Amino acid sequence: MSGFFNTLFFGIYPYIALSVLIVGTIIRYDREPYSWRAGSSQLLRRRQLVWGSVLFHVGVLIIFFGHLVGLLTPIVLFDLVGISHGAKQVLAVVVGGIAGLMAIVGAGMLIHRRLYDARVRAVSSTMDTFIICLLGFQLLLGLGTIPVSLMHLDGEEMVKFMSWAQGIFTFRGDAASYVVDASWIFKLHLFVGLTILLIFPFTRLVHMLSVPARYLWRPGYQIVRERNSTNSRHPAE
C-alpha cells in the first residue's frame, strides 16, 4: 500500500500539479489579465512591509533558483566539472539554510502584519492569508530537512531527489521509486511544494511571472472625460 501512495504522490501528482500550473496560468492570463498583479497594502505599516518583503523575496528567489539548478542540472555535468556529490550537498545546506532563514524571518513579519494589523487584515483576502501561511510552512519544512541532510553528507540522498526530478521531466515511469525510502520530512516538503504549484494560478503568486518588458511596445492610452450634459447645453437662441 505504501508503494501505491508513493507512486500516487510522487509519480502521478507531479504531472497533475504541473498541468494545472501551465493550463491554469494561461487561462487566467487570457481571461483575467487585470488580476495579474499582487494587491498592494504598502501604505499600511510600510516599514514592516519593506523589511519583511525584501527578506522574504530575496530568500525565496535564492531557494527557487537553487532548487531549479540543483535538481534539474544533469548529474553528469556536476561530475564533468569536478563537483562532488558531497560538496554539492554541503553547498546546498549552507546556502539553502541562510536563504531559508532570511525567507522565514521575512514571511513571519508579513504574516504578523497581515494577521495582527486590523487595517491590513481588512484589505486581505482569505487566499492571500492562506498562501503566505502555506509558504511559511513550506519554508519551515525546508529548514527541517537540514538536520537530515547533515546525516548524509556523501550527497547520495540528494542524488535521489535529482534523479526523481529529472525522471519526472523526462517522463520516466519509475521516477517515484527514487524517493520511496526518503525521510518523511523530505516527502512532505515535496508534496507541499507540488501543492503550491497546483494552486499557483489561482493566487496572487502569478505576479512572479510578470515582466514589465511588454510596456515597451504597449500602445498608448488616452483618457477622455465625458462632459456633463448640463454644462454642454447650448444657450437658447
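Residues numbered from 1 in each chain as written. Predicted model: local features only at pLDDT ≥ 70, side-chain atom pairs only at ≥ 80, totals over all residues. Heavy atoms only, no water.

**Student:** Can you walk me through the overall build of the chain in this structure?
**Tutor:** Tallying secondary structure elements over the chain gives eight helices and zero strands in all. Along the chain, helices (α) and strands (β) appear in the sequence α-α-α-α-α-α-α-α when read from the amino end. When the 237 residues of the chain are sorted by exposure, 38% land in the buried category. Summarising the internal contacts of the chain: among those between residues at least 6 apart in sequence, 82% fall at separations of at least 24. Carbon and sulfur atoms provide 68% of the accessible area of the chain, an area that totals close to 15400 Å². (Helix = DSSP H or I, 4+ residues; strand = E, 2+ residues; numbered from the N terminus. Buried < 20%, exposed > 50% of the residue type's maximum accessible area, 1.4 Å probe, protein only. Contact = heavy atoms within 4.5 Å. Areas by Shrake-Rupley, 256 points an atom, 1.4 Å probe, with all protein chains shown as cover.)

**Student:** What am I meant to see in unusual backbone geometry here?
**Tutor:** Trans peptide bonds make up the majority, and among non-glycine residues the majority have a negative phi. Its identity as a non-glycine residue notwithstanding, Phe 171 has a phi of 60 degrees, on the positive side. You can see Phe 171 is positioned in the loop between helix 7 (156-169) and helix 8 (184-199). Exposure remark for Phe 171: the relative accessible area of 66% places this residue in the exposed category.

**Student:** What exactly am I supposed to notice about the packing of helix 6 (residues 126-149) against helix 8 here?
**Tutor:** Angle between the axes and distance between the axes: these two values describe a pair of packed helices. Closest axis-to-axis distance for the helix 6/helix 8 pair is 9 Å, and the angle between their directions is 155 degrees. When the axis of helix 6 is compared with that of helix 8, the two are roughly antiparallel. As helix 6 runs across helix 8, the sense of the crossing is left-handed. Two secondary-structure elements touch here, helix 6 through Phe 130, Ile 131, Leu 134, Leu 135, Phe 137, Gln 138, Leu 141, Gly 142, Gly 144, Thr 145, Val 148 and Ser 149 and helix 8 through Ile 185, Phe 186, Leu 188, His 189, Val 192, Gly 193, Ile 196 and Ile 199. When the residues that make up the contact of helix 6 with helix 8 are grouped by side-chain class, the tally is 13 nonpolar, seven polar and no charged. (Axes fitted to C-alpha atoms, helices over the stretch in contact; angles between N-to-C directions. Parallel < 35°, antiparallel > 145°, perpendicular 65-115°, else oblique. Left-handed = near helix turned anticlockwise from the far one by under 90°. Nonpolar A, V, L, I, M, F, W, Y, C, P; charged D, E, K, R; others polar.)

**Student:** I tried to follow the side chain of Thr 203 on my own but got confused; where do I start?
**Tutor:** On the secondary structure map, Thr 203 appears in the segment after helix 8. Engagement of the side chain of Thr 203 in a polar contact is seen with the backbone oxygen of Phe 200, the distance being 3.1 Å. At 3.1 Å, the side chain of Thr 203 and the backbone nitrogen of Leu 205 are in polar contact. Not counting residues within four places of it along the chain, the set of residues in contact with Thr 203 comprises Arg 28, Met 127 and Ile 131. (Polar contact = N/O pair within 3.5 Å; in protein donor to acceptor, adjacent residues only side chain to side chain.)

**Student:** Help me understand the pattern of salt bridges in this model?
**Tutor:** Pairing is possible between side chains that carry opposite charge, provided their charged atoms lie close to one another. The tally for this structure, following the rule as stated, stands at three salt bridges. The salt bridge involving Lys 160 is made with Glu 157; its shortest N-O contact spans 3.5 Å. Pair noted here: Lys 160 and Glu 157 are both in helix 7, with a separation of three residues, about one helical turn. (Salt bridge = Lys/Arg side-chain N within 4 Å of Asp/Glu carboxyl O.)

**Student:** Help me understand the confidence of the model for the chain in this model?
**Tutor:** Any segment with low pLDDT has predicted coordinates that should not be analysed in fine detail. Across the chain, the average pLDDT comes to 83, with 81% of residues at or above 70. Here helix 5 (residues 118-122) is the element of the chain with the lowest mean pLDDT, 74, and helix 8 is the one with the highest, 96. In the model, residues 212-218 has pLDDT below 50 throughout and makes one contact with residues more than four positions away in sequence or in other chains. Within the model, pLDDT remains below 50 along residues 220-224, and this stretch shows zero contacts once partners closer than five positions in the same chain are excluded. (pLDDT = per-residue confidence, 0-100.)

**Student:** What exactly am I supposed to notice about a nonpolar patch on the surface here?
**Tutor:** A grouping of Val 50, Val 54, Val 58, Ile 62, Val 90, Leu 91, Val 94, Val 95, Ile 98, Leu 150 and Leu 153 is seen on the molecular surface, where their side chains present a nonpolar patch of about 880 Å² in accessible area. Of all the secondary-structure elements, those providing two or more residues to the nonpolar patch are helix 2 (46-72) and helix 4 (85-116). Among the elements that make up the nonpolar patch, the one with the highest residue count is helix 4 (five residues). Mapped onto the secondary structure, Val 95 falls in helix 4. (Patch = residues over 30% accessible without salt bridge, like charges linked within 9 Å, V, L, I, M, F, W, Y side chains within 5 Å.)

**Student:** Where do I start with the side chain of Asn 6 in this structure?
**Tutor:** Relative to the assigned elements, Asn 6 resides in helix 1 (residues 2-31). Looking at Asn 6, its side chain comes within polar contact range of the main-chain oxygen of Ala 176, at 2.8 Å.

**Student:** Where do I start with the packing of helix 4 against helix 7 in this structure?
**Tutor:** Two elements in contact, helix 4 and helix 7, have axes whose closest approach is 8 Å; the angle formed by their N-to-C orientations is 85 degrees. In terms of orientation, helix 4 lies roughly perpendicular with respect to helix 7. Side by side, helix 4 and helix 7 meet where His 85, Lys 88, Gln 89 and Ala 92 of the first sit next to Glu 156, Met 158, Val 159 and Met 162 of the second.

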